[in-house]
Amino acid sequence: MPVVNRIADFAEEMKGWRQALHQIPELALDLPKTAAFVAERLREIGVDELHEGIATSGMVAIINGQGNAAGEGPTIGLRADMDALPIPEETGVDYASEHAGNMHACGHDGHTTMLLGAAKYLAETRNFRGRVALIFQPAEEAIGGARIMVEEGIMERFGIGEVYALHNAPGLPVGHFLTTPGPLMAAVDTFHVHIQGQGGHGAMPHETRDPVMAACGIAQAMQTIVSRNHHSLEDLVISVTQIHTGTVDNVIPDTAYINGTVRTFNPKVQAMVMRRMQEIVAGQAASYGVTAELDYEVGYPATVNDAEKTRFAVDVAGEISGSEKVEGEAGREMGAEDFAYMLNARPGSYLFLGQGQGAGLHHPKYDFNDEIAPIGASFFARLVERAQPLP
Ligand SMILES: [Zn+2]
Ligand SMILES: [Zn+2]
C-alpha cells in the first residue's frame with residue numbers, strides 16, 4: 001500500500017498549509033503566529049483536546065481512538081518541530097518568508113504540515129484504539145524545546161508510551177526512508193574561549209602579550225584531543241568554527257575569542273574532551289603569557305533509537321514506500337537533534353524522509369518539497385493504526 005488514499009485526496013490542502021507556514025517563519029520558543037495557525041487547523045480538524053502554551057509556543061493535541069473513553073491509553077506520541085532559522089531567504093518562491101531575516105530553511109514548516117495531515121486523517125477515521133498525542137514543539141534549532149516539553153511533564157501528563165518523529169532529507173530520493181536502530185545522531189556541545197592578552201604596536205610585539213598567537217596555539221592544540229588523546233575507533237568531532245580578534249593591520253589586539261562544536265556519542269569521551277580542553281586552554285595560556293577562560297556548554301544528548309520501535313517504524317515505512325526504498329540500518333551520523341530528549345524519556349524512533357535533489361538543510365535556497373507531505377502524513381497515520389490496532 002503506498003500513500004493512504006484519503007491523505008492523497010487532501011494533498012493540495014496540505015500544500016496550502018505548508019506554504020502559509022513558510023511565509024511566517026519564527027524563531028526558538030516564541031512562535032505566536034505559527035502556533036496560532038497550527039491551533040486553528042487542529043480545531044478545524046476536530047481534535048478532542050488541545051493543550052497550548054507548553055514550552056511557550058508548544059502544544060499537544062489528543063485524538064481518541066474509536067469507542068475510546070477519554071483518557072484511556074495506550075497513547076502514542078508523534079512529534080513535529082515548528083521553528084525556523086535566522087537566515088535570509090533566497091529561494092525566490094512566491095510564498096517566500098514575510099519575516100525578513102528568518103526562513104524555514106530546515107523544513108519544519110513541512111514537518112508541522114505532515115503531522116497536521118496525519119491529524120486530519122486520524123480525527124476523521126479513528127481506526128485505532130487508545131489515543132494519539134500530537135506534539136508540536138518550538139525551538140528545535142536552539143535552546144531545546146523538546147527538553148522543555150519533557151521537563152514540563154508531557155510524557156506523564158498525557159500518558160505517552162512511545163514517540164516518533166520524521167525529518168526531511170535533501171539528497172535522499174523522494175519517499176525514501178532512512179534510519180538505524182540504536183545511536184543515530186551525536187551529542188552536541190559548544191565551547192567558547194575568551195583570551196585576555198595585552199595589545200600594543202604591531203612593530204613591537206616584545207612589549208605585548210599576544211592573544212592572536214595564543215588563539216592559534218589553542219585552536220591547533222585542540223585538534224590533538226582527537227588525534228592523540230582519543231581512541232581512534234570511537235566517534236569524536238571537534239571543530240573550531242570561529243576565531244575573532246583584532247581590527248587593524250599594525251595593532252596587536254588585547255583579546256581574542258575562539259568557539260566551536262564538539263560531537264560525541266559516548267559520555268566518557270565527552271568527559272575526556274571537557275577535561276582536556278580545560279588543560280589545553282590553561283596550559284597554552286600560560287605558555288603564551290595570557291589568561292584564557294573556557295566556557296563549555298553541554299548541549300543536546302545523542303539521539304538513540306529504540307531497536308524494537310525502529311524495526312516497527314521501518315516496517316511501516318516499507319508499507320508506505322516499498323521496502324526497497326527503506327534503509328533501516330543506515331548507521332549513525334554526527335548531526336544532532338533535540339528529539340533526543342524525548343527518546344531519552346520514552347522509547348521510539350526518528351527517521352529521515354528523502355525529499356530529492358535541491359539545496360541542503362540550512363541553506364538560503366532550501367525549500368521543503370511538498371510532494372513528500374502526503375508520504376510523511378501517511379507514515380504517521382499508519383504508525384498509529386498499526387501500533388494500536390482496533391480489536
Ligand atoms: Zn535544522
Ligand atoms: Zn530540522
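Up top is the structure.
Below is a summary of the structure that appears in this document.

Conventions used here
Residues numbered from 1 in each chain as written. Chains lettered and ligands numbered in written order. Predicted model: local features only at pLDDT ≥ 70, side-chain atom pairs only at ≥ 80, totals over all residues. Heavy atoms only, no water. Helix = DSSP H or I, 4+ residues; strand = E, 2+ residues; numbered from the N terminus. Expected span 1.5 Å × (residues − 1). Buried < 20%, exposed > 50% of the residue type's maximum accessible area, 1.4 Å probe, protein only. Polar contact = N/O pair within 3.5 Å; in protein donor to acceptor, adjacent residues only side chain to side chain. Contact = heavy atoms within 4.5 Å. Donors = N, O, S within 2.8 Å, 3.2 Å for Na, K, Ca; no water. Tetrahedral: all angles 85-135°; square planar, octahedral: opposite > 155°, others 65-115°.

The subject of this paragraph is helix 11 (residues 373–387). Compared with an ideal rise of 1.5 Å per residue, which puts 15 residues at 21 Å, helix 11 spans 21 Å between its outermost C-alpha atoms and is within 8% of the ideal. Burial analysis of helix 11 places 13 of its 15 residues in the buried class, the great majority of the element.

Secondary-structure assignment places Asp-81 in strand 3 (residues 75–81). Looking at Asp-81, its side chain comes within polar contact range of the side chain of His-108, at 3.3 Å. If we ignore the near neighbours within four places in the chain, the residues touching Asp-81 are His-108, His-111, Thr-112, Gln-137 and Glu-140.

Bringing the coordination of the zinc ion (ligand 1) into the picture now. Coordination sphere of the zinc ion (ligand 1), protein contribution only: Cys-106 (SG), Glu-141 (OE), Glu-141 (OE) and His-362 (NE2), at 2.0 to 2.7 Å. Bound by 4 donor atoms, the zinc ion (ligand 1) shows angles of 52 to 148° at the metal and therefore irregular coordination geometry. Every donor residue of the zinc ion (ligand 1) comes from the same chain, spaced as C-x34-E-x220-H. Between the two metal centres, the zinc ion (ligand 1) and the zinc ion (ligand 2), the spacing is 3.2 Å, with Cys-106 acting as a shared donor. Of this pair, Cys-106 sits in the loop between strand 3 and helix 4 (108–125) while His-362 is found in the loop between strand 16 (348–356) and helix 11, placing the two residues 256 residues apart along the sequence. Owing to a relative accessible area of 37%, His-362 belongs among the partly exposed residues under this scheme.

Another aspect to go through is the coordination of the zinc ion (ligand 2). Surrounding the zinc ion (ligand 2) are the protein donor atoms Cys-106 (SG), His-108 (NE2) and His-167 (NE2), at 2.1 to 2.3 Å. In primary sequence terms, the donor set of the zinc ion (ligand 2) follows C-x1-H-x58-H.

The omega torsion across Gly-73 and Pro-74 is 0°, close enough to zero to call that bond cis. Mapped onto the fold, Pro-74 is located in the loop between strand 2 (58–64) and strand 3. The backbone of Arg-126 shows a phi angle near 50°, a positive value even though the residue is not glycine. In this structure Arg-126 comes out as buried when scored by relative accessible area, which is 18%. Despite not being glycine, His-362 has its phi angle at roughly 70°, a positive value.

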